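# A structural walkthrough
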Amino acid sequence: MDSLFLECTYSEEELIALALEEHVKVYPCSHLYIGTMPTDPKILIGFANLTFQQIEQVILRLKKAWVF
């Protein structure tokens, strides 16, 4: 699995809410941690069963939602 790291001031909850405003569902990772959670938000983006064109549209929507 590849990872992409971006610096931002949004919380995990804010990133999820902003994505939903653009009709994109993303998933929190905070519930996966045992012990100390990282201070920066971690979001999971799933692309199962999507075409390359659909993935491109999702990325463009997230770009719009998560303007830094």
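Residues numbered from 1 in each chain as written. Predicted model: local features only at pLDDT ≥ 70, side-chain atom pairs only at ≥ 80, totals over all residues. Heavy atoms only, no water.

### A few points about the side chain of Glu 12
Heads up, the rule is: In DSSP terms, a helix is any run of H or I states spanning at least four residues, a strand is any run of E spanning at least two, and both are numbered starting from the N terminus. Working definition: with a 1.4 Å probe on protein chains only, accessible area under 20% of the residue-type maximum means buried, over 50% means exposed, and in between means partly exposed. None of His or the chain ends enter the tally, which takes Lys and Arg as positive and Asp and Glu as negative. Criterion for a salt bridge: a side-chain nitrogen of Lys or Arg within 4 Å of a carboxyl oxygen of Asp or Glu. Whenever a nitrogen or oxygen atom comes within 3.5 Å of another N or O atom, the pair is scored as a polar contact, on the condition that within protein one atom can donate a hydrogen and the other can accept it, and that pairs from neighbouring residues in sequence are kept only if both atoms are in side chains. Any two residues whose heavy atoms approach within 4.5 Å at even a single point are treated as in contact.
Within the secondary structure layout, Glu 12 lies in helix α1 (residues 12-21). The side chain of Glu 12 sits in the buried core without any salt bridge; Lys 42 is the nearest counter-charge, 9.0 Å away. A distance of 2.6 Å separates the side chain of Glu 12 from the side chain of Ser 30, its partner in a polar contact. Contacts of Glu 12, omitting those with residues within four sequence positions, involve Pro 28, Cys 29, Ser 30, Pro 41, Lys 42 and Ile 43.

### Details of the pattern of salt bridges
If you walk through the whole model with that rule in mind, you get two salt bridges. Note that Lys 42 and Asp 40 form a salt bridge whose closest N and O atoms lie 3.0 Å from each other. Asp 40 gets classed as partly exposed once you look at its relative accessible area, which sits at 38%.

### With respect to a nonpolar patch on the surface
Definition in use: Like-charged residues are merged into a patch within 9 Å and nonpolar side chains (Val, Leu, Ile, Met, Phe, Trp, Tyr) within 5 Å, provided each residue has over 30% relative accessible area and no salt bridge. Per-residue and other accessible areas were derived by the Shrake-Rupley procedure at a 1.4 Å probe size, with only the shown protein chains allowed to occlude residues.
A cluster of nonpolar side chains, namely Leu 32, Tyr 33 and Met 37, defines an oily patch on the protein surface of about 300 Å² accessible area. By the secondary structure assignment, Met 37 is in the loop between β1 (27-28) and β2 (43-44). With a relative accessible area of 43%, Met 37 lands in the partly exposed category.

### With respect to the nonpolar core
The criterion, for reference: For this analysis, a nonpolar core means a set of buried residues of the types Ala, Val, Leu, Ile, Met, Phe, Trp, Tyr and Cys, connected via side-chain atoms within 4.5 Å.
Counting residues in hydrophobic clusters, the biggest one holds nine residues: Leu 15, Ile 16, Ala 19, Val 24, Val 26, Val 58, Leu 62, Ala 65 and Trp 66. Setting aside chain neighbours within four positions, we find Leu 62 in contact with Ala 19, Val 24, Val 26 and Ile 45.

### Things to note about unusual backbone geometry
Backbone geometry at His 23 places phi at a positive 65°, although glycine is not the residue there. Here His 23 is to be found in the loop between α1 and β1. A residue is classified by how much of its surface remains accessible, and His 23, at 70% relative accessible area, is exposed. In this structure, Asn 49 is a non-glycine residue whose phi angle is positive, near 65°. For Asn 49, a relative accessible area of 80% puts it in the exposed group.

### Re the environment of Pro 28
Following the sequence through the fold, Pro 28 ends up in strand β1. The partly exposed category is assigned to Pro 28, whose relative accessible area is 28%. Sequence separation of Pro 28 and Lys 42 is 14 residues, and the distance between their C-alpha atoms is 6.5 Å. Setting aside residues no more than four positions away along its own chain, Pro 28 makes contact with Glu 12, Ile 16 and Lys 42.

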